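A structural walkthrough
Listed below, chain by chain, are the residues.
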Amino acid sequence: MINLTDSAVNAVKSTISASAQPASGLRIMVEASGCAGFKYRLSLADEAKPDDTVIERDGVKVFVDNKSHDHLAGTTIDFVVALEGSGFTFDNPNAKSSCSCGKSFS
């Protein structure tokens, strides 16, 4: 359903190990917001909620709620380091368009 690149897996592992709060994985949600209609929301999570789908890759758990599931199906998440800044990028086959920041889509 969701693919994380090696770079994304390493970034999540580093973030979890540096977190002051207990965390066992990454929660990914899609919210109605942003300049293109929807935006991605990422946060660390300690456990799955009852309606979550849990995906695991190389020891990293990804929690996706049922409302976001269809929006994220087939998405590849990468972590890039560039002169303009570092962060997660989303290659989402369900997005018809996206804004220039890459964090919002329709």
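So, here is what we can say about the structure in this document.

What counts and how
- Residues numbered from 1 in each chain as written.
- Predicted model: local features only at pLDDT ≥ 70, side-chain atom pairs only at ≥ 80, totals over all residues.
- Heavy atoms only, no water.
- Helix = DSSP H or I, 4+ residues; strand = E, 2+ residues; numbered from the N terminus.
- Pairing = 2+ DSSP bridges.
- Axes fitted to C-alpha atoms, helices over the stretch in contact; angles between N-to-C directions.
- Contact = heavy atoms within 4.5 Å.
- Expected span 1.5 Å × (residues − 1).
- Buried < 20%, exposed > 50% of the residue type's maximum accessible area, 1.4 Å probe, protein only.
- Arc of directions from axis to C-beta.

Observations regarding unusual backbone geometry
The phi dihedral of Asp 58 falls on the positive side, at around 50°, and the residue is not glycine. Mapped onto the elements, Asp 58 comes out in the loop between strand S4 (52–57) and strand S5 (60–65).

Looking at the sheet that holds strand S6 (residues 75–82)
The strand order across the open sheet built from three strands is S1-S6-S7, with neighbouring strands paired in mixed fashion. Two strands bound the open sheet, and with one partner strand each, they are strand S1 (2–4) and strand S7 (85–91). Within this sheet the neighbouring strands show an average axis-to-axis angle of 25°, counted without direction. In this structure, S1 lies alongside S6, joined through three bridges in parallel fashion. What sits directly across from Asn 3, in S6, is Thr 76. Most of the contacts of helix H1 (residues 6–18) go to S6, to which it runs at about 75°, and overall it touches S1, S6 and S7.

Remarks on H1
Residues spaced three or four apart along an α-helix point in a common direction, a consequence of the helix completing one turn every 3.6 residues. Across its 13 residues, H1 extends 18 Å between first and last C-alpha, which sits within 8% of the 18 Å expected from 1.5 Å per residue. Every buried residue belonging to H1 is among Ala 8, Val 9, Ala 11 and Val 12, and all of these are buried. In a view along the axis of H1, the buried residues occupy a sector of 165°, so they form one face of it. In H1, the exposed residues that point more than 90 degrees away from the buried face are Ser 17 and Ala 18. On its buried face, H1 sits against S1, strand S2 (25–32), S4, S5, S6 and S7.

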